[in-house]
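Spelled out, the chains give:
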Amino acid sequence: MAFLLLLADIESKSWVKQLKIHEPQLDLRLWPNTGPVEEIDFVLAWRPPPGELARYPKLRCIASLGAGVDHLLRDPDLPAAVPVTRVVDASMAQSMSEYVVMAVLNWCRHMPRYARQQQERRWQVHVPRQASSTGVGIMGLGQLGGAAARHLVALGFDVAGWSTGPKQIAGVRSYIGEAQLGAFLGRTDILVCLLPLTERTRGILDARLFAGVRPGAYLINCARGEHLQEADLLAALDSGQLAGACLDVFVTEPLPPEHPFWRHPSITVTPHTASLTHPRAVVPRLIENYRRVMAGLAPLDQIDRLRGY
Ligand SMILES: NC(=O)c1ccc[n+]([C@@H]2O[C@H](COP(=O)([O-])OP(=O)(O)OC[C@H]3O[C@@H](n4cnc5c(N)ncnc54)[C@H](OP(=O)(O)O)[C@@H]3O)[C@@H](O)[C@H]2O)c1
């Protein structure tokens, strides 16, 4: 009945503390000191090495430490019959909404330009973009995209979302599937990517997509780096089809020092910080799932392995 904490590149101290607070009797193992592999029932994982999760023959649940599960599903040896769960948490949705609102307002109020002007001590006014006439298009209207959409509606933006199935969010126009992608893009001044990374969405932010948005549009990618075709973004910025981008996620993280995004005048870079998972917020639900699994029940917040999210 052991619980394995398998965090490849995250500090485990605060996770251990919260897990012990909420389940003092927990038989907690810290990877790579797992003890006998057949004793591990439940694993909380972030970016495990490929093949690692196939080593535990009695595993009953694989919990992703984040909202995304692409870091797990990319492993061809991930045990097929074990349920996979993800983090669904109101504080993550709040944090992501803050990031998206920050990026949208920064752009509408010309903050990247003013930052440059300040370096030059130059006083020059740029008329703010009005919320009501700015079309914000959110790709992915799930837990995070849906929350961001509600916040932007409250600020008066003209908000639409794109997803696989129809969504009903007050004030948000819902577009679905490939057939409505063109119409969705055609009303978009600010494009926000909050899709999960799947085989269908990998590389989706490409030249074809950028050609469909309103000229001079702004891109905000806070989903996964692999959604973006990086060369296509640079070309769209060169041509003026896109006027700028705010990027939180990258194909290679940390972003290498020589990467052109660092020095591009129209790109804002943040270090994958849009919405972090806070142990204090999510451990109660993880322990609830651990108890459910130990009691022979299905865990909550399971993903659909076939769909990939
Ligand atoms: N940067 C950060 O700090 C950070 C933090 C947390 C998460 N993330 C990223 O954010 C992603 C989204 O998280 P979430 O919790 O909002 O996920 P979610 O609740 O599963 O929502 C995903 C949304 O994407 C839509 N979608 C999926 N595949 C699609 C496709 N092929 N075409 C059109 N729409 C599609 C879904 O549509 P349906 O509902 O109709 O199926 C759904 O609306 C995560 O997967 C993760 O990669 C980033």
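Shown above is the structure to which this text applies.
These numbers were taken from a predicted model, which means no experiment stands behind them.

*Asks:* Just to check I follow, could you spell out the state of the cysteines for this structure?
*Replies:* Note: disulfide means a covalent bond formed between the sulfur atoms of two cysteine side chains. Taken as a whole and judged by the stated rule, the model has zero disulfides. Counting only cysteine sulfurs, C246 is the nearest neighbor of C108, a cysteine outside any disulfide, at a range of 12 Å. Between C222, a free cysteine, and C193, which holds the nearest cysteine sulfur, the sulfur-to-sulfur gap is 7.4 Å. According to the relative accessible area criterion, C222 is buried, its value standing at 5%.

*Asks:* Could you clarify how one ought to interpret the site of the ligand in this entry?
*Replies:* In the vicinity of the ligand there are 31 residues, among which R86, T164, G165, K167 and Y309 approach most closely. Q143 places a main-chain nitrogen or oxygen 2.9 Å from an oxygen atom of the ligand. K167 has a polar side-chain atom sitting 2.7 Å from an oxygen atom of the ligand. When the ligand is considered free in solution it has 950 Å² of accessible area, and contact with the protein chains removes 93% of it. Going through the elements one at a time, α3 (90-108), α5 (143-154) and β7 (158-163) are the ones with two or more residues in the shell around the ligand. By residue number, the principal contributor to the shell around the ligand is α5, which donates three residues. In terms of residue class, the shell around the ligand is made up of 14 nonpolar, 11 polar and six charged.

*Asks:* Is there a simple way to explain the sheet that holds strand β6 (residues 135-139) in this structure?
*Replies:* Strand pairs in the sheet, formed through backbone hydrogen bonds, run parallel or antiparallel to each other. Within the open sheet, the seven strands sit side by side as β8-β7-β6-β9-β10-β11-β12. Their pairing is parallel. One side of each edge strand has no neighbouring strand; the edge strands of this open sheet are β8 (172-176) and β12 (267-269). Along the sheet, successive strands turn relative to each other by an average axial angle of 15°, direction set aside. Of the strand pairs in this sheet, strand β9 (residues 190-193) and strand β10 (residues 217-221) are connected by four bridges, and their pairing is parallel. Residue pairing across strands places L191 opposite L219, the latter belonging to β10. Those strands touched by α5 are β6, β7 and β8, and its axis lies near 170° from that of β6.

*Asks:* Help me out: how do you make sense of the packing of aromatic side chains in this one?
*Replies:* Each aromatic ring pair is summarised here by two numbers: the centre-to-centre distance and the angle between the ring planes. Evaluated as defined, the whole model comprises six aromatic pairs. Counting every residue linked through ring pairs, the aromatic cluster contains F3, F42 and Y290. Positioned above the aromatic ring of W107 is the side chain of R129, whose terminal nitrogen or guanidinium carbon lies 4.2 Å from the ring centre. Taking NZ or CZ as reference, R307 lies 3.9 Å from the ring centre of Y309, over its face.

About the criteria used
- Residues numbered from 1 in each chain as written.
- Predicted model: local features only at pLDDT ≥ 70, side-chain atom pairs only at ≥ 80, totals over all residues.
- Heavy atoms only, no water.
- Disulfide = S-S within 2.5 Å.
- Buried < 20%, exposed > 50% of the residue type's maximum accessible area, 1.4 Å probe, protein only.
- Near = heavy atom within 4 Å.
- Polar contact = N/O pair within 3.5 Å; in protein donor to acceptor, adjacent residues only side chain to side chain.
- Areas by Shrake-Rupley, 256 points an atom, 1.4 Å probe, with all protein chains shown as cover.
- Helix = DSSP H or I, 4+ residues; strand = E, 2+ residues; numbered from the N terminus.
- Nonpolar A, V, L, I, M, F, W, Y, C, P; charged D, E, K, R; others polar.
- Pairing = 2+ DSSP bridges.
- Axes fitted to C-alpha atoms, helices over the stretch in contact; angles between N-to-C directions.
- Contact = heavy atoms within 4.5 Å.
- Phe/Tyr/Trp six-rings, centres within 6.5 Å; stacked < 30°, edge-to-face > 60°.
- Lys NZ or Arg CZ within 6 Å of the ring centre and 35° of its normal.

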